[in-house]
Amino acid sequence: MSGARPAMSGAGQAMSGAGQAMSDAATMLRRNARHTLRNPGAMIMTIGLPVVLLLLFVGVLGGALNAGLGPAAHGGDYINYVVPGIILMTVGYGATTTALAVNRDMTQGIIARFRTMAISRTSVLTGHVVGSTARTLASAVLVTGVAVLLGFRPTGDSLRWLATIALITLVTLALTWLAVAVGLLAKTAEGVSGFTLIVQLLPFLSSAFVPPDSMSGTVRWFATHEPFTPIIDALRGLLLGTPVEHGGVLAVGWCVALALVGYLWARALFRRDPIR
Amino acid sequence: MASTAARSAIAVTGLRRSFGGTVVLDGVDFDVPEGSTFSLLGPNGAGKTTAVQILSTLIGFDGGQARIAGHDLASEPDAVRAAIGVTGQFSAVDGLLTGEENLILMADLHHLGRAGARRRSAELLDKFDLVDAARKPASTYSGGMRRRLDLAMTLVGRPRVIFLDEPTAGLDPRSRRMMWQTVRELVSGGVTIFLTTQYLEEADELADRIGVLDHGKLVAVGTAEELKRNVPGGHVRLQFGAAADLDAAARELSDAARDDEALSLQVPSDGGLPALRALLDRLDRAEIEVDGLSVHTPDLDDVFFALTGHPTTAKEPTP
């Protein structure tokens, strides 16, 4: 700052860079929390859709799938097989909400306002990511609670539970950063729908509902190699107390890779000139 | 007065910017002294919004230099941001938050502290007549209320330089007057205002100096008086009921432009009462019957036509 000019707001100027960034991120996080409380519909959708799918697959199709797949192969009841996939879908729906929220910020022009203020630039995105992750984790806990009421019986091993929470958090961060990038990229709310479709469709083409072995040709190849499958398999192993393939390296690797891509992409989009 | 006049709040030299292959700003120079109002006047597509976006650090520029509140735009963007406030064409308010929460959000980002934030927010709600709506979500506000909230949010941090991009576009006359009043108050408090507008009247009302922007170039800079003096667009339009009257009038008023289809005549005039009286007397003496009369003062179109040789609307020839 030039010495000739009196500082505008003493407290603000005196604050250190890191302190200011923290304070701005906290302000953005408060704003995000308010949005969630003000707009409960989004949260209800995030929980409601996975619960409906859970009821559909366990209540309606569960009997037939149980008979067809053979319960012995998947640690007993079909509900135990399907819940990890449902949890991942919850995370996916949560990310969709985030993409829409970021896109609303862009189209409303409030992000343009933030950009012209002397605030920590990353705080806008950090607020979204931290807020969304917290909201999505809360949704995942609620969906898991419903699953337990419906007969889901996970392992009691606390170490595996910790690993489960860590993995869900990691995949949430990955999908949320991707969602932020998509929200920044899309010109309108409709532009986000491609992401929504992918996130909602990929679980069906994975090991979420039936093992890829039971699928045919190309679909099986896709289902085996897409990122959701190793993540769901790892979650399933952790939750049911069964062995996790490759020690979960593939699952964690995919999460880290997706998170990194999402983060770098979002950062680049946020920095570029908003050309209208 | 002498000491402040010397300091410039916005100093721009040779500012250039193109998008893809299109040149949007083509070497623009101007200087805005502290505590004054500068208006960038021009039609849609002239580059006004781009100028505001560049000067408010929102987008970069390809060439030239700009200093705002004493800080270099390119090398000290954060110092510039700390000194400015921006209200764009489209209200940048958070629709899910209430008016009060929007203001407190701004106050928190300016680190005013809890009590300070509440005090500043209450002050601005009162000033902008938003007290009754303070606890309602901004998404329920009318267009005028949103614009007032938008400006109030801009003022939270007491910026020294304020950019207003078409601040009254789409506003009703009452809200427009209110906006003008606010701008005048800010200027009298020493704030520098940079505003863009499509309305000559608005620039005339508010600006100390006006820059006319056309296709990315400043074609004229001066006071409203200086600009209008060079604009011959003022005229009186006479409407006739019969072709014979039109012929007679055209003979009488040789400097007028006639329109045979509309049976009308455009007589150059400053539109003042003495000129009108003289004109009517002349027509009376020649016993010419006039159906109707209207007075046209120079508007943006006239300013444009005079300065650029083409009207504001005809950016490309229609096929």
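Analysis parameters
- Residues numbered from 1 in each chain as written.
- Chains lettered and ligands numbered in written order.
- Predicted model: local features only at pLDDT ≥ 70, side-chain atom pairs only at ≥ 80, totals over all residues.
- Helix = DSSP H or I, 4+ residues; strand = E, 2+ residues; numbered from the N terminus.
- Buried ≥ 20, exposed ≤ 12 C-beta atoms within 10 Å, placed from the backbone.
- Contact = placed C-beta atoms within 7 Å.
- Nonpolar A, V, L, I, M, F, W, Y, C, P; charged D, E, K, R; others polar.
- Pairing = 2+ DSSP bridges.
- Axes fitted to C-alpha atoms, helices over the stretch in contact; angles between N-to-C directions.
- Parallel < 35°, antiparallel > 145°, perpendicular 65-115°, else oblique.
- Left-handed = near helix turned anticlockwise from the far one by under 90°.
- pLDDT = per-residue confidence, 0-100.
- Expected span 1.5 Å × (residues − 1).
- Bend = angle between axes of the 7 residues up to and from the residue.
- Core = buried A, V, L, I, M, F, W, Y, C linked by C-beta atoms within 7 Å.
- Domains from an automatic or database assignment.

Draft legend 1. Spotlight on the overall build of chain A. Across its full length, chain A holds 12 helices and 0 strands. For chain A, the sequential pattern of α-helices and β-strands runs α-α-α-α-α-α-α-α-α-α-α-α. Referenced to the eigenvectors of the C-alpha coordinate spread, the extents of chain A come out at roughly 80 × 40 × 35 Å. Here chain A holds 276 residues, and 43% of them are scored as buried.

Draft legend 2. The arrangement of the overall build of chain B in detail. Assigned secondary structure in chain B consists of 12 helices and 14 strands. In terms of overall dimensions, chain B has a C-alpha envelope of 75 × 50 × 45 Å along the principal axes. For chain B, the proportion of its 319 residues judged to be buried stands at 44%. Summarising the internal contacts of chain B: among those between residues at least 6 apart in sequence, 68% fall at separations of at least 24.

Draft legend 3. Representation of the interface of chain A and chain B within the structure. The partner chain B presents 33 residues to the 30 residues of chain A that form the contact. Listed by contribution, the elements that provide at least two residues to the side of chain A that touches chain B are helix H1 (10-14), helix H2 (17-38) and helix H6 (110-115) of chain A. With 7 residues, H2 of chain A is the largest single contributor of residues to the side of chain A that touches chain B. Classifying every residue of the side of chain A that touches chain B by side-chain character gives 12 nonpolar, 10 polar and 8 charged.

Draft legend 4. Structural context of the sheet that holds strand E14 (residues 292-296) of chain B. All names here are of chain B. With antiparallel pairing, 4 strands are arranged side by side in an open sheet as E12-E13-E11-E14. The strands lining the two open edges of the sheet, one partner per strand, are strand E12 (257-259) and E14. With strand direction ignored, the average angle separating the axes of adjacent strands in the sheet is 20 degrees. Packing against the sheet, helix H10 (residues 243-252) makes contact with strand E11 (235-239), E12 and strand E13 (264-268), and its axis sits at approximately 20 degrees to E13.

Draft legend 5. Expanded view of the pairing of strand E9 (residues 209-214) of chain B. Residue and element names in this part refer to chain B. In terms of burial, E9 is largely enclosed, as 5 of its 6 residues are buried. By the bridge criterion, 4 bridges tie strand E3 (residues 37-41) to E9 in an arrangement that is parallel. Each residue of the ladder has a partner; that of leucine 40, found in E9, is glycine 211. Joining the antiparallel neighbours E9 and strand E10 (residues 217-222) is a turn of 2 residues, in which histidine 215 adopts a positive phi near 50 degrees.

Draft legend 6. Here's a closer look at the environment of alanine 163 of chain A. All names here are of chain A. Its place among the elements puts alanine 163 in helix H8 (residues 158-185). A tally of 18 C-beta atoms within 10 Å means that alanine 163 is categorised as partly exposed. Alanine 163 sits 108 residues away from arginine 271 along the chain, and the two C-alpha atoms are 35 Å apart.

Draft legend 7. Looking closely at the packing of helix H7 (residues 122-149) of chain A against H8 of chain A. Residue and element names in this part refer to chain A. Two numbers describe how H7 lies on H8: the axes approach to 9 Å, and their chain directions differ by 135 degrees. The orientation of H7 relative to H8 falls into the category oblique. Viewed along their axes, H7 and H8 form a crossing whose handedness is right-handed. Facing Leu125, His128, Val129, Ser132, Thr133, Thr136, Leu137 and Ala140 of H7, the residues of H8 in contact are Ile168, Thr169, Thr172, Leu173, Thr176, Trp177 and Val180.

Draft legend 8. Fine view of the confidence of the model for chain A. Residue and element names in this part refer to chain A. Per-residue pLDDT for chain A has a mean of 85; in total, 90% of the residues score no lower than 70. Between the elements of chain A, mean pLDDT differs from a low of 43, seen in H1, to a high of 94, seen in H8. Residue range residues 1-14 is modelled with pLDDT below 50. Its contacts to residues more than four positions away, or to other chains, number 21 contacts.

Draft legend 9. A look at helix H5 (residues 78-108) of chain A. Residues and elements named next belong to chain A. Between the first and last C-alpha of H5 there are 45 Å, a value that for 31 residues agrees with the 45 Å anticipated at 1.5 Å per step. Bending of H5 peaks at approximately 25 degrees at the position of proline 84. Judged by how many residues are buried, H5 sits mostly within the fold: 28 of 31 residues are covered. In the segment just after H5, glycine 109 is the residue with positive phi, at about 90 degrees.

Draft legend 10. Seen up close, the nonpolar core. If you look at the biggest cluster of nonpolar residues, it comprises 147 residues, and the most contacted ones within it are Leu88 and Ile231 of chain A together with Leu55 and Ile68 of chain B. Those residues within four positions of isoleucine 68 of chain B in sequence are excluded, and the remaining contacts are Ile10, Leu55, Leu73, Val80, Ala83, Ile84 and Val161 of chain B. Within the second largest apolar cluster, 9 residues are counted, among which are Leu238, Phe240, Leu283 and Ile288 of chain B.

Draft legend 11. Summary view of the sheet that holds strand E4 (residues 63-68) of chain B. Strands sit in the order E2-E1-E4-E5 (chain B) across an open sheet of 4 strands; the sheet is antiparallel. A single partner strand is all that each edge strand has here, and the edge strands are strand E2 (22-33) and strand E5 (71-72) of chain B.

Draft legend 12. Representation of the domain arrangement of chain B. Split by domain assignment, chain B resolves into domain 1 (2-93 + 141-229) and domain 2 (235-305). Using C-alpha coordinates to define each centre, domain 1 of chain B is positioned 38 Å away from domain 2 of chain B.

Draft legend 13. Representation of the packing of H5 of chain A against H7 of chain A within the structure. Residue and element names in this part refer to chain A. Where H5 contacts H7, the axes come no closer than 9 Å and their chain directions differ by 150 degrees. Considered as vectors, H5 and H7 are oriented roughly antiparallel to each other. In this structure, H5 meets H7 at a crossing whose hand is right-handed. Judged by residue contacts, Ile79, Val83, Ile86, Ile87, Thr90, Val91, Gly94, Thr98, Ala101 and Val102 of H5 engage His128, Ser132, Arg135, Thr136, Ser139, Ala140, Val143, Thr144 and Ala147 from H7. Taken together, the residues of the contact of H5 with H7 break down into 10 nonpolar, 8 polar and 1 charged.

Draft legend 14. Structural detail: unusual backbone geometry. Residue and element names in this part refer to chain B. One non-glycine residue, histidine 111, lies in positive phi territory at about 55 degrees. Within the secondary structure, histidine 111 sits in the loop between helix H4 (99-109) and helix H5 (114-127). Classification of histidine 111 by C-beta neighbours within 10 Å gives buried; the count is 22. The phi dihedral of arginine 158 is positive, around 45 degrees, even though this residue is not glycine. With respect to the helices and strands, the residue arginine 158 is situated in the loop between helix H6 (143-155) and strand E7 (161-165). When the 13 C-beta atoms within 10 Å are taken as the criterion, arginine 158 is described as partly exposed.

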